[in-house]
Amino acid sequence: MSNHPVQIAGVMNDKIKVVIALVACAAGIVGYYLFASKPTLMRVGVLVAGLAVGAVIAWFSETGRNFLVFARESVRETRKVVWPERKDALRVTAIVFGFSIIMALFLFGTDKVLEMVLYDFILGWNR
């Protein structure tokens, strides 16, 4: 049996940093709305300052650095995507719209048939 030392202090410090970063971002957003009577430039400045302070604090946590690595890898993977040509995209979009219209008509017809069977034949209600 192997006993590895647990590093709870590092994990706890990272959690505290993330919480402080979220509080800083929230303070920027709340400040933006609290200064509603002030000039727009000041309000935007408070918002940007809160978000910037939150980003800087998050940067010094392991979670923040992992998020940045994830974001970079996501951008790299997005560049690898082969996007369809315009003609193909329009054709697929037309197929989806056509199928949606056909399904809407089918469901409308089914609803009306079931309504007629239920109300007219089974219950005998006159509409």
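Just so you know, the residues in each chain are numbered from 1, in the order the chain's sequence is written. Since the coordinates come from a predicted model, pLDDT governs what is reported: local features require at least 70, and pairs of side-chain atoms require 80 or more to be given and counted, while whole-chain, interface and lining totals use all residues. Side-chain measures were taken over the full set of non-hydrogen atoms in the model, leaving aside hydrogen atoms and water.

(A) The overall build of the chain, seen in detail. Helices and strands together make up the secondary structure of the chain, namely 4 helices and 0 strands. Runs of H or I in DSSP of at least four residues are treated as helices and runs of E of at least two as strands, each being numbered from the N terminus. Listed N to C, the secondary structure of the chain is α-α-α-α in terms of helices and strands. The reference for a compact globule is 2.2 Å times residues^0.38; the radius of gyration itself is calculated from the C-alpha atoms. Taking 14 Å as the expected radius of gyration for a compact globule of 127 residues, we find that the chain reaches 29 Å, considerably beyond that expectation. Dimensions of the chain, computed from C-alpha atoms along their principal axes, come out at roughly 75 × 55 × 45 Å. In what follows, residue pairs with any heavy atoms lying within 4.5 Å of each other are defined as contacts. Contacts in the chain between residues at least 24 apart in sequence constitute 44% of all its contacts with a sequence separation of at least 6. Residue burial considers only the protein chains on display, and all accessible areas are found by Shrake-Rupley using a 1.4 Å probe. Carbon and sulfur atoms provide 72% of the accessible area of the chain, an area that totals close to 10900 Å². Separation of charge centres in the chain, based on 14 positive and 9 negative side chains, amounts to 11 Å. By the counting scheme adopted, Arg and Lys are positive, Glu and Asp are negative, and His together with the chain ends is not counted. In this description, the location of a charge corresponds to atom NZ of lysine, CZ of arginine, CG of aspartate or CD of glutamate.

Purely geometric numbers; function is a separate question.
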